[in-house]
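Descriptive analysis of the structure
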2 protein chains.
Amino acid sequence: MTSSRPTAAARPGSVSLRRRGPVLERAILDAALEQLSTVGWGGLTMEGVAAGARTGKAAVYRRWPSKADLVADALRAGLPELEDAPDHGGIREDLYDVCRRVRDAMLSEPGLALRSVLHQCDVNTAERFQAVIVGGMIEPSIALFREVISRGVARGEVRGDAMSGMVLDVIPAMMMYRSKVCGSEWPDDEIAQMIDQVMVPIFRA
Amino acid sequence: MTSSRPTAAARPGSVSLRRRGPVLERAILDAALEQLSTVGWGGLTMEGVAAGARTGKAAVYRRWPSKADLVADALRAGLPELEDAPDHGGIREDLYDVCRRVRDAMLSEPGLALRSVLHQCDVNTAERFQAVIVGGMIEPSIALFREVISRGVARGEVRGDAMSGMVLDVIPAMMMYRSKVCGSEWPDDEIAQMIDQVMVPIFRA
């Protein structure tokens with residue numbers, strides 16, 4: 001599969017890379033994440049991102065009218081997928097699996113960038129990034145929790161009336177709270193403790 | 001109890017109010033909260049606070065070397081006390097009572113000011129104010145939860161091994177999460193739902 005012709009991406013001096021649509025967009029979003037990790041929210045500029053993606057400023061502004069729009073999209077696209085709900089045949093194992101994925105997403109580079117941007121931007125922009133956390137991490141994780149819990153109910157392992165909104169909020173709430181307030185990075189044994197001390201008793205018939 | 005002589009605080013034009021120690025400190029802290037509610041963290045200055053407290057800038061700097069020191073103390077002093085643990089004879093009633101006090105503290109003027117300052121200041125100062133939330137609201141509330149739960153254990157109402165650190169974090173975690181993510185102001189019926197759907201099952205023997 002080696003080719004003697006250099007690909008577009010391998011020609012550093014090239015003025016026009018002739019990239020279009022999704023390929024150029026991906027390069028711009030990657031450059032935005034790169035800028036974020038090196039110069040932070042305060043230092044990131046549309047010009048810098050354009051230079052990093054080796055394109056013109058107009059190509060960036062055509063797609064994203066503002067820095068906040070661009071960064072929100074870059075973070076959303078960069079967050080790891082939580083994948084399909086696991087099915088290990090037991091509620092403890094399934095919750096443990098989902099929690100580890102959520103923890104890994106929180107500690108991924110875009111996950112950490114999202115958190116630090118929230119601390120660096122102004123109040124209105126923060127709302128925007130808060131929505132990225134909700135749409136990109138919290139809602140997908142709650143969907144997985146809902147699925148593994150309902151499977152637990154079907155198996156008779158979880159009491160039937162356990163699946164209220166309040167119960168579904170407990171794990172995301174604990175993960176946010178202990179990261180923020182206790183500085184926890186949620187090592188595996190803390191995840192197991194939360195499941196055994198908090199969730200298993202809630203689910204008991 | 002009416003007096004014909006005006007008190008020091010009632011003489012608006014007076015240059016020296018001759019207040020000392022705690023009285024002057026209280027006036028400065030009040031002026032800082034006042035400034036915070038009118039001009040916000042960005043607009044608050046040591047000069048403005050000194051003028052508001054009708055004292056000199058030196059009197060402010062002598063006690064608080066920086067704006068962050070002053071505002072942190074003002075918020076800490078302004079937060080309502082959570083008072084002693086209630087004892088209604090039942091875990092549901094006791095938790096409900098403590099949760100309502102925590103909610104009222106969160107929604108008090110200094111509680112709301114604390115939240116908005118956190119969004120307006122830089123990252124390092126935010127850590128400082130985060131510590132005010134932990135020391136001024138979270139830790140006192142956990143102490144109350146611990147007390148009412150241990151009384152529930154003594155009554156045989158709550159299983160003996162329920163009082164782990166993880167369980168004590170559940171209510172503060174839920175209160176922070178649903179305020180932040182769902183915009184909840186924790187009306188009484190949501191507090192009751194959380195207790196019945198989440199806490200009562202956790203405590204069940």
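Residues numbered from 1 in each chain as written. Chains lettered and ligands numbered in written order. Predicted model: local features only at pLDDT ≥ 70, side-chain atom pairs only at ≥ 80, totals over all residues. Heavy atoms only, no water.

There is about 1,400 Å³ of room inside the largest pocket. Of all elements in the fold, only α5 (91-106), α6 (109-120), α7 (123-154) and α8 (165-182) of chain A together with α5 (91-106), α6 (109-120), α7 (123-155) and α8 (165-180) of chain B reach the threshold of two or more residues within the lining of the largest pocket. In terms of residue count, α7(B) provides more of the lining of the largest pocket than any other element does, 9 residues in total. A breakdown of the residues in the lining of the largest pocket according to their chemical character gives 29 nonpolar, 11 polar and 7 charged. (1 Å grid on protein atoms, 1.4 Å probe; cavity = no way out; pocket = protein on both sides within 12 Å on 5 of 7 lines; lining within 4 Å. Points joined across faces, edges and corners; volume = space filled by probe spheres on them. Helix = DSSP H or I, 4+ residues; strand = E, 2+ residues; numbered from the N terminus. Nonpolar A, V, L, I, M, F, W, Y, C, P; charged D, E, K, R; others polar.)

Turning our attention to the side chain of Ser179(A). All names here are of chain A. You can see Ser179 is positioned in helix α8. Take Ser179: its relative accessible area is 7%, and that puts it in the buried class. Those residues in contact with Ser179 that sit more than four places away from it in its chain are Met106, Arg115, Ser184 and Trp186. (Buried < 20%, exposed > 50% of the residue type's maximum accessible area, 1.4 Å probe, protein only. Contact = heavy atoms within 4.5 Å.)

Residue and element names in this part refer to chain B. Topologically, Arg103 is positioned in helix α5. You can call Arg103 buried: its relative accessible area is 10%. Contact partners of Arg103, with chain neighbours within four places excluded, come to Met175, Glu185, Trp186, Pro187, Asp188 and Ile191.

Before going further, it helps to spend a moment on the relation of the copies chain A and chain B. Here the second copy of the chain follows from the first by a rotation about an axis and a shift along it. With an RMSD of 0.0 Å, the operation that places chain A on chain B is a rotation of 180° combined with a shift of 0.0 Å along the axis. Those values place the two copies in the arrangement expected of a two-fold rotation axis. A symmetric contact is evident, with 100% of the interface residues of chain A recurring at the interface of chain B. (Least-squares fit on C-alpha atoms with pLDDT ≥ 70 in both.)

Our next topic: α8(B). Residue and element names in this part refer to chain B. Over its 16 residues, α8 runs 22 Å from end to end, which matches the ideal 22 Å to within 8%, given 1.5 Å per residue. Roughly 30° is the biggest bend found in α8, and it falls at Ile171, with proline Pro172 one to four residues downstream. Counting buried residues along α8, 14 of its 16 residues qualify, which places the element largely inside the surrounding structure. (Expected span 1.5 Å × (residues − 1). Bend = angle between axes of the 7 residues up to and from the residue.)

What follows concerns the packing of helix α4 (residues 67-78) of chain B against α7(B). Residues and elements named next belong to chain B. Two numbers describe how α4 lies on α7: the axes approach to 10 Å, and their chain directions differ by 20°. In terms of their interaxial angle, α4 and α7 are classed as roughly parallel. Judged by the twist between their axes, the crossing of α4 over α7 is right-handed. In this structure, α4 contributes Ala68, Asp69, Val71, Ala72, Leu75 and Arg76 to the contact, and α7 contributes Thr125, Arg128, Phe129 and Val132. When grouped by side-chain class, the residues that make up the contact of α4 with α7 number 6 nonpolar, 1 polar and 3 charged. (Axes fitted to C-alpha atoms, helices over the stretch in contact; angles between N-to-C directions. Parallel < 35°, antiparallel > 145°, perpendicular 65-115°, else oblique. Left-handed = near helix turned anticlockwise from the far one by under 90°.)

This part covers the nonpolar core. Core analysis: the largest hydrophobic core is formed by 142 residues, its most contacted members being Leu95(A), Phe129(A), Phe203(A), Leu95(B), Phe129(B) and Phe203(B). Apart from residues no more than four positions distant in its own chain, Phe129(B) is found in contact with Trp41(B), Ala68(B), Val71(B), Ala72(B), Leu75(B), Leu114(B), Val117(B), Leu118(B) and Cys121(B). (Core = buried A, V, L, I, M, F, W, Y, C linked by side-chain atoms within 4.5 Å.)

Next up on the list: the pattern of salt bridges. Working definition: two side chains of opposite charge can pair if their charged atoms are close together. Evaluated as defined, the whole model comprises 34 salt bridges over all chains. Put simply, Asp94(B) and Arg151(B) hold a salt bridge, and the shortest N to O gap is 3.7 Å. Separated by 57 residues along the polypeptide, Asp94(B) in helix α5 and Arg151(B) in helix α7 bring together distant segments of the chain. With a relative accessible area of 0%, Asp94(B) lands in the buried category. One salt bridge in this structure joins Asp104(B) and Arg103(B), with 2.8 Å as the shortest N-O distance. Given the relative accessible area of 43%, Asp104(B) is considered partly exposed. Shared partners join several salt bridges into a network, and the residues in it are Asp87(A), Asp94(A), Glu147(A) and Arg151(A). (Salt bridge = Lys/Arg side-chain N within 4 Å of Asp/Glu carboxyl O.)

This part is about the packing of aromatic side chains. For the structure shown, the criterion picks out 2 aromatic pairs over all chains. Plain terms: the ring middles of Trp41(A) and Phe129(A) are 5.5 Å apart, the flat faces sit at 85° to each other, and that makes the pair edge-to-face. In this pair, Trp41(A) is assigned in helix α1 (residues 21-43) and Phe129(A) in helix α7, connecting sequence segments 88 residues apart. Side by side, Trp41(A) and Phe129(A) carry an identical accessibility label, which is buried. One cation-aromatic arrangement involves Arg178(A) over Trp186(A); the distance from NZ or CZ to the ring centre is 5.8 Å. In this structure, Lys67(B) is placed above the aromatic ring of Trp41(B), and the distance from its NZ or CZ to the ring centre is 4.6 Å. (Phe/Tyr/Trp six-rings, centres within 6.5 Å; stacked < 30°, edge-to-face > 60°. Lys NZ or Arg CZ within 6 Å of the ring centre and 35° of its normal.)

So, about the interface of chain A and chain B. Counting from both sides, the interface comprises 31 residues of chain A and, opposite them, 31 residues of chain B. Taken over both partners, the interface formed by chain A and chain B buries close to 2,700 Å², and the fraction arising from carbon and sulfur atoms is 68%. Of all residues in chain A, Met166(A), Tyr177(A) and Gln197(A) give up the largest surface area on contact with chain B, accounting jointly for 26% of the area buried on that side. Our count for the contact surface shared by chain A and chain B stands at 2 salt bridges. Between Asp169(A) and Arg178(B) there is a salt bridge; the shortest N-O distance is 2.6 Å. Ranked by the residues each element gives to the side of chain A that touches chain B, the list is headed by α8(A), at 12 residues. In terms of residue class, the side of chain A that touches chain B is made up of 19 nonpolar, 6 polar and 6 charged. (Buried area = accessible area lost by both parts, 1.4 Å probe.)

Chain-level statistics for chain A give a pLDDT mean of 90 and a share of 91% at 70 or above. Taken element by element, chain A is modelled with least confidence in α6(A), mean pLDDT 91, and with most confidence in α5(A), mean pLDDT 98. (pLDDT = per-residue confidence, 0-100.)

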